[in-house]
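Reading the structure
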Amino acid sequence: MDARSPDLTPEATGWRADAPTTKSLAEVNATVAIPAAGAWWRRLLAFVGPGYMVSVGYMDPGNWATDLAGGSRFGYTLLSVILLSNLMAILLQSLAARLGIVTDRDLAQACRATYSPATNFMLWLACEAAIIACDLAEVIGTAIALKLLFGIPLVGGALIAALDAFLLLILMNRGFRFLEAFVIALLAVIAVCFTVQLAAAAPPVAEMLRGFVPKTEIFTNPEMLYIAIGIIGATVMPHNLYLHSSIVQTRAYERNDEGRREAIKWATTDSTIALMLALFINAAILVVAAATFHKSGHSDVAEIGQAFELLSPLLGLGIASTLFAVALLASGLNSTVTATLAGQIVMEGFLDLRLPSWARRLVTRGIAIVPVIIVTAIYGERGTADLLVFSQVVLSMQLPFAVIPLVRFVSDRRKMGQFTIPVSVAAIAWIVAGVIVVLNLKLLADTLFG
């Protein structure tokens, strides 16, 4: 079946008649085989991969800045925000997977097939802004990791980070499963590094558990709210919704009702398990910061470089700082791969425009590197730390432009048919979307008038 197969046009009448029927990521669409028979775990393993690629965005360098700032300044209080953000992510990613599997369209293609050209162009601009903000976090995080491990200046590290534009090309040429294996291997490195640090920090269990209970102070304290929304922006990332709705289609499940039903089940299981790993790592970063920095009176630690210098002395573990930097580098490399793929999906989906992935990557990398170099030259490392947190708030500001169309699509029976989400799930999804919008408006008001 070619890349523009008419089979992609659904029988439902919920799409524009002139909508393109191009397959999402046509070069890898339906290329991963699914066993027709055998034990259930073999079928689950065949679907394992997309969820972990999505989870990368929930533990990228931007998360580190917000989690470190939240833990060092407010102790365990913002653990509740990480938990709630992760629950939101699990719901929204399952909806994104459902959309892709049922409609044979990713979220960007679904927007293009529904809204007017002007609306689509504005949505594309908002999504590109989010990807640039994410790219900014990756460049800064990778540059900081290179400096901590090898002493490379931040400006030099940012320039070296541009070379990873070709990493995805190399991995994709080996096959999509090879790409997924690479991502999962780096996630394992991050998990091991933080497990060791968490054990060394030995946080008080009762106090830590109380941190998972939401407190009204989070909403009433502007400083806490700013970091909380940064955590939401770093956790529920808009480009991940576009990414997930596309890469679930790499599985060669039967494109019929029964095949789609089973694909939804296994894809949702995959992403839920993977996002629980993201919850562990994000919580571990905040807990280590709270148990190490907040407890010792270092409540102003918001920079990754500061954390690196203080971790080993405060924990009494010589390798702690090195593990921290290794995990950061692994996080930056992983984020590069997934953000590159998301950028390709967004550009092709909204604009039906196909550029070589290396060309698109160099352009977005260039856009991200310029502000990093300028801020570093003027303000030094302190400026890059503030820029890292700010990039996550920008991401959060873009969330409604991805979440609202997604919830609308999966709630529309004309588009989803029998796979339309139940009214109860739709209600929860709209509440989540509403919470995101309200928190962003509150942040905007505090920033402008506070």
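One structure accompanies this document, and this report is about it. What you see is a predicted model, and the numbers here were worked out from it, not measured in a lab. Throughout, a residue's number is its position along its own chain's written sequence, starting from 1. Per-residue local features of the predicted model are confined to residues with pLDDT of at least 70, and side-chain atom pairs are confined, for both listing and counting, to 80 or more; whole-chain, interface and lining totals are unaffected and use all residues. Side-chain measures here rest on the full set of heavy atoms in the structure, leaving out hydrogens and waters.

Pairing between side chains of opposite charge can happen when the charged atoms of each approach one another. Here, a salt bridge means any side-chain nitrogen of Lys or Arg that lies within 4 Å of a carboxyl oxygen of Asp or Glu. The tally for this structure, following the rule as stated, stands at nine salt bridges. A salt bridge links Asp412 to Lys415; the nearest nitrogen and oxygen atoms lie 3.6 Å apart. A simple rule labels every residue: compare its accessible area, found with a 1.4 Å probe on the protein chains alone, to the largest value its type can have, and call it buried under 20%, exposed over 50%, or partly exposed in between. Asp412 gets classed as buried once you look at its relative accessible area, which sits at 14%. One salt-bridge network, held together by shared partners, links Asp104, Arg255 and Arg260.

Looking now at the packing of helix α13 (residues 238-247) against helix α16 (residues 320-351). Angles shown run from 0 to 180 degrees and are taken between the N-to-C directions of axes, each axis being a line fitted to C-alpha atoms and, for helices, limited to the stretch in contact. Going along the chain from the N terminus, every DSSP run of H or I of four or more residues is numbered as a helix, and every run of E of two or more is numbered as a strand. Packing of α13 against α16 brings their axes to within 9 Å, and their N-to-C directions diverge by 80°. As judged from the angle between their axes, α13 and α16 are roughly perpendicular. Contacts between α13 and α16 involve His239, Tyr242, Leu243, Ser246 and Ile247 from the first element and Thr338, Ala339, Leu341, Ala342, Ile345, Val346 and Phe350 from the second. Charged residues are taken to be Asp, Glu, Lys and Arg, nonpolar residues to be Ala, Val, Leu, Ile, Met, Phe, Trp, Tyr, Cys and Pro, and polar residues to be all remaining types, Gly included. Residue composition of the contact of α13 with α16, grouped by class: nine nonpolar, three polar and no charged. Any angle that is under 35 degrees is reported as roughly parallel, and any over 145 degrees as roughly antiparallel; angles of 65 to 115 degrees are reported as roughly perpendicular and all others as oblique. In what follows, residue pairs with any heavy atoms lying within 4.5 Å of each other are defined as contacts.

Moving on, we come to unusual backbone geometry. Phi is positive for Ala30, which is not a glycine, with a value near 55°. Here Ala30 is to be found in the segment before α1 (40-47). The class for Ala30 is partly exposed, based on a relative accessible area of 31%. Even without glycine at this site, Ala202 takes up a positive phi of about 45°. Mapped onto the secondary structure, Ala202 falls in the loop between α9 (176-201) and α10 (205-210).

Now for the packing of helix α4 (residues 79-103) against α13. Helix packing for two helices is described by the angle between their axes and how far apart those axes are. Across the interface, α4 lies against α13 with an axial gap of 7 Å and an inter-helix angle of 40°. One finds that α4 runs oblique with respect to α13. Viewed along their axes, α4 and α13 form a crossing whose handedness is right-handed. From α4, Leu92, Gln93, Ala96, Ala97 and Gly100 reach across to α13, where they touch Asn240, Leu241, His244 and Ser245. Two helices crossing with the near one rotated counterclockwise from the far one by less than a right angle form a left-handed crossing, whereas a clockwise rotation gives a right-handed crossing.

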